[in-house]
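Working through the structure, step by step
Residue strings, one per chain:
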Number of protein chains: 2
Amino acid sequence: MTPPANETSHRVALPVLERFCQDVLSATGADDASAETATRAMLHASRLGVDSHGVRLLNHYVTAMAGGRVNPRPQLAFHDGGGAVATLDADDAHGARATYAAMARAVDRASTQGIGAVGIRNSSHFGPAGAYAMAAADAGMIGVTVCNSDSFVRLHDGASRFHGTNPIACAVPLAEQRPWLLDMASSAIPYNRVQLYRSLGQELPAETCSDAHGEDTRDPDQAEMLAPLGGAFGFKGAGLAGMIEVLSAVVTGMNLSFEIAPMGGPDFSTPRGLGAFVLALRPDAFVDRATFDAGMRRYLNALRASPARSSARVMAPGDREWAEADRRDTAGVPLDPVTAEAFQTLAQRFGLSSPVPVEG
Amino acid sequence: MTPPANETSHRVALPVLERFCQDVLSATGADDASAETATRAMLHASRLGVDSHGVRLLNHYVTAMAGGRVNPRPQLAFHDGGGAVATLDADDAHGARATYAAMARAVDRASTQGIGAVGIRNSSHFGPAGAYAMAAADAGMIGVTVCNSDSFVRLHDGASRFHGTNPIACAVPLAEQRPWLLDMASSAIPYNRVQLYRSLGQELPAETCSDAHGEDTRDPDQAEMLAPLGGAFGFKGAGLAGMIEVLSAVVTGMNLSFEIAPMGGPDFSTPRGLGAFVLALRPDAFVDRATFDAGMRRYLNALRASPARSSARVMAPGDREWAEADRRDTAGVPLDPVTAEAFQTLAQRFGLSSPVPVEG
């Protein structure tokens with residue numbers, strides 16, 4: 001899942017990026033919790049190599065907060081719905097502010113009930129779904145996060161945008177390793193990835209996008225909709241997207257994908273009415289921890305030793321991302337030219353220093 | 001998802017099939033609950049047109065019960081793990097006996113906690129995952145069911161069997177219609193479907209199966225492993241299979257896919273140590289029921305009106321299956337020749353009447 005490398009980009013150290021993002025968001029008017037959580041989510045993605053959901057989004061978030069779409073100083077309110085579940089009204093908070101809070105509540109519920117789930121109302125774009133699943137794994141639990149988003153994905157046999165890219169993320173804590181971490185769109189490709197290919201001028205992978213007539217295209221500038229996961233078996237990807245839509249938008253009473261205003265504007269003043277859904281599950285409520293840990297170890301050892309096709313390598317979800325995190329902890333995060341330029345503009349606008357590149 | 005029609009097959013009325021399956025299982029030694037639930041699950045599939053998981057399996061279940069792999073008179077034991085979760089030790093029961101009981105407990109927990117989940121230990125092949133998700137929907141809740149199974153699916157870039165077909169099913173109750181119902185393998189095709197194509201002598205869909213060397217094949221007799229869902233993006237299907245594996249086998253302390261004895265024998269005397277996992281979620285613990293119902297109605301109306309590719313039609317998960325159920329309620333269930341012959345043999349063995357075909 002490493003995005004196409006850009007040889008000409010410069011790299012910035014993670015702590016420098018973290019400080020810059022927080023300062024920019026604070027200067028935009030965000031309260032501390034919002035600035036910190038939005039930054040934490042972006043850094044999660046930038047560190048793990050998921051650049052489409054990383055600091056590239058900072059400029060977008062500034063626009064959304066400054067315009068009024070996202071409330072920079074929200075009052076979050078939980079409503080219990082039973083011993084193990086709650087609904088969070090996020091007061092149009094940044095999606096990271098809302099979703100970290102929701103997952104913390106789900107983890108709290110799971111600590112006594114064995115499982116906990118929170119439906120989120122009146123949220124906004126939350127970036128990398130895996131960031132919030134990871135928050136559960138950091139607490140020793142299995143975390144699951146889903147959300148819907150504005151329509152970009154056709155149905156199976158469909159010829160127009162219907163579902164959002166509707167991601168699902170799942171993180172599983174491991175005893176002696178960093179978590180097993182799946183973070184995937186139910187589309188054949190995430191839309192942010194298409195934007196990244198567009199920004200880099202690279203050709204799209206086959207069978208991932210359709211043009212305005214629903215026909216396959218590999219030109220990112222012609223991409224008008226995404227295909228559901230599964231190619232000829234796209235009814236499965238569309239079905240998964242539907243399950244995610246139900247949990248994120250129907251169970252929360254929020255906008256369906258096709259009712260959500262486009263992420264890219266032009267309206268940046270109206271809250272988008274996004275829902276999301278998080279779940280935490282405590283493994284030792286089902287089985288003793290030693291058995292669980294041994295099972296994960298057995299599973300991953302066998303997976304990593306499983307025969308591969310020629311010149312390929314089998315990996316567990318997260319393996320590539322954690323390896324990239326190790327590299328970036330040392331070498332910094334590469335910034336694409338569009339993002340680097342946006343950072344310079346933001347620095348000027350708020351009287352801040354532009355992030356200094358790593359020596360290289 | 002309607003399987004290939006067999007013009008020469010005869011059709012049998014659903015109540016006749018139901019009686020025959022129960023009588024055969026009872027004659028094999030199954031207690032009433034086991035005979036009833038195994039029949040209920042098979043009839044769910046046969047009625048909805050998912051013939052790979054329908055009454056075709058009766059002969060297999062008789063072999064498994066008679067051989068000792070499946071306990072025909074199990075003592076089920078629940079162990080609470082928190083207010084909202086439990087583990088069920090199924091005593092090597094038929095998978096339907098175990099999973100219907102587990103879902104009933106999950107629904108009970110969700111009625112007070114908002115959500116309920118049950119991990120199942122020492123179960124066996126449960127047939128159609130959707131049958132148990134439906135049991136939650138019948139109680140007005142969203143139901144989710146997953147299980148793993150013996151290795152048949154390669155990893156992304158893998159060259160040997162690793163995961164089972166690891167299905168996920170989800171049913172969502174609707175106010176004035178039959179439930180939204182997704183029931184899918186995380187493989188590109190379910191293995192039972194491959195067996196059905198083999199039995200009917202038909203060619204496999206493209207990019208669904210690999211031969212012993214991991215290369216694609218469309219010859220069902222050459223299919224040695226299945227591809228994960230997603231084609232070139234098979235890491236998503238493999239990741240979903242992994243999430244399902246963790247919930248079904250690791251959270252329950254049961255066998256991983258590659259540790260499970262083959263469904264088809266030759267050993268039919270040793271219990272296979274299968275796990276499974278079910279979850280029920282009560283929508284009105286999150287949002288008032290009228291809002292939930294209106295959301296589902298709005299979603300499905302828009303979906304069914306969404307533009308389709310030429311000579312195609314968009315459908316919601318379950319639409320095709322419920323339409324087939326209507327046909328089969330009247331016209332009966334078509335039996336493939338292998339199953340029809342097996343029924344004759346079973347009838348002779350137990351001194352029962354063979355199911356009488358529908359007049360036509």
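Preceding block: the structure.
Below is a summary of the structure that appears in this document. (Residues numbered from 1 in each chain as written. Chains lettered and ligands numbered in written order. Predicted model: local features only at pLDDT ≥ 70, side-chain atom pairs only at ≥ 80, totals over all residues. Heavy atoms only, no water.)

Thoughts on the overall build of chain A
Helices and strands together make up the secondary structure of chain A, namely 10 helices and 14 strands. Computed over the C-alpha atoms, the radius of gyration of chain A is 20 Å, within 12% of the 21 Å expected from 2.2 N^0.38 for a compact globule of 360 residues. Along the longest, intermediate and shortest principal axes, the C-alpha atoms of chain A span 55 × 55 × 45 Å. The buried share of chain A, reckoned over its 360 residues, is 62%. Within chain A, counting contacts between residues at least 6 apart in sequence, those at least 24 apart form 68% of the total. The distance from the centre of the 30 positive side-chain charges to the centre of the 39 negative ones in chain A is 4 Å. (Helix = DSSP H or I, 4+ residues; strand = E, 2+ residues; numbered from the N terminus. Rg over C-alpha atoms; globule rule 2.2 N^0.38 Å. Buried < 20%, exposed > 50% of the residue type's maximum accessible area, 1.4 Å probe, protein only. Contact = heavy atoms within 4.5 Å. Lys, Arg positive; Asp, Glu negative; His and termini not counted. Charge placed at Lys NZ, Arg CZ, Asp CG, Glu CD.)

Considering the packing of helix 2 (residues 32-48) of chain B against helix 5 (residues 129-138) of chain B
Residue and element names in this part refer to chain B. Helix 5 packs onto helix 2 with a crossing angle of 100° between their chain directions and a minimal axis gap of 9 Å. Considering their axes alone, helix 2 and helix 5 lie roughly perpendicular with respect to each other. Where helix 2 abuts helix 5, its residues Arg40, Ala41 and His44 lie against Gly130, Ala131, Tyr132, Met134 and Ala135. (Axes fitted to C-alpha atoms, helices over the stretch in contact; angles between N-to-C directions. Parallel < 35°, antiparallel > 145°, perpendicular 65-115°, else oblique.)

Focus on the sheet that holds strand 4 (residues 115-123) of chain B
Residues and elements named next belong to chain B. Taken in spatial order, the 7 strands make up an open sheet running 2-3-4-13-5-8-9, and their pairing is mixed. Two strands lie at the open edges of the sheet, namely strand 2 (77-82) and strand 9 (180-185), each paired on one side alone. Within this sheet the neighbouring strands show an average axis-to-axis angle of 15°, counted without direction. Across 5 bridges, strand 3 (residues 85-89) lies against strand 4 in parallel orientation. Its bridge partner being in strand 4, Asp89 is matched across the sheet by Arg121. (Pairing = 2+ DSSP bridges.)

Observations concerning the environment of Ala206 of chain A
Mapped onto the fold, Ala206 of chain A is located in the loop between helix 6 (191-200) and strand 10 (209-210). Ala206 of chain A gets classed as partly exposed once you look at its relative accessible area, which sits at 39%. When the C-alpha positions of Ala206 of chain A and Asp326 of chain A are compared, they lie 30 Å apart, and in sequence the two are 120 residues distant. In contact with Ala206 of chain A, other than residues within four places in its own chain, are Arg218 of chain A together with Phe233 of chain B.

Details of the pairing of strand 4 (residues 115-123) of chain A
Residue and element names in this part refer to chain A. The buried fraction of strand 4 is high, at 8 of 9 residues. For the segment spanning strand 3 (residues 85-89), helix 4 (residues 95-113) and strand 4, crossover handedness is right-handed. Bridge count between strand 4 and strand 13 (residues 274-281): 7 bridges; the pairing is antiparallel. Bridge pairing links Ser123 to Leu274 in strand 13. (Right-handed = clockwise from strand over helix to strand, strands pointing away.)

A look at the sheet that holds strand 8 (residues 167-172) of chain A
Residues and elements named next belong to chain A. Sheet architecture is open: 7 strands sit in the order 2-3-4-13-5-8-9, paired in mixed fashion. The open sheet has two edge strands, strand 2 (77-82) and strand 9 (180-185), and neither has a second partner. For this sheet the average axis-to-axis angle between neighbouring strands, irrespective of direction, equals 15°. When strand 5 (residues 142-147) meets strand 8, the two strands line up antiparallel, connected through 4 bridges. Bridging from a neighbouring strand, Gly143 pairs with Ala171 of strand 8. On top of the sheet, helix 7 (residues 234-250) reaches strand 5, strand 8 and strand 13; it is set at about 85° to strand 5, its chief contact.

Let's talk about the packing of aromatic side chains
Inspection of the entire model under this criterion finds 14 aromatic pairs over all chains. Taking the centre distance of 5.8 Å and the plane angle of 45° together, the rings of Phe162 of chain A and Tyr299 of chain B count as tilted. Linking Phe162 of chain A in strand 7 (residues 161-163) with Tyr299 of chain B in helix 8 (residues 289-304), this pair reaches from one chain into another. Each of the two residues, Phe162 of chain A as well as Tyr299 of chain B, counts as buried. Over the ring of Tyr100 of chain B we find Arg40 of chain B, and its NZ or CZ is 3.9 Å from the ring centre. Above the plane of the ring of Phe78 of chain B lies Arg105 of chain B, whose end atom (NZ or CZ) is 4.1 Å from the centre. (Phe/Tyr/Trp six-rings, centres within 6.5 Å; stacked < 30°, edge-to-face > 60°. Lys NZ or Arg CZ within 6 Å of the ring centre and 35° of its normal.)

Let's talk about the relation of the copies chain A and chain B
If you rotate chain A by 180° and push it 0.0 Å along the axis, it lands on chain B with an RMSD of 0.0 Å. A rotation of that kind, with that shift, is consistent with a two-fold axis. Taking C-alpha positions as the reference, the residue of chain A nearest the rotation axis is Gly230 of chain A, at 2.1 Å. The share of interface residues of chain A whose copies in chain B are also at the interface is 100%, consistent with both copies meeting through the same surface. (Least-squares fit on C-alpha atoms with pLDDT ≥ 70 in both.)

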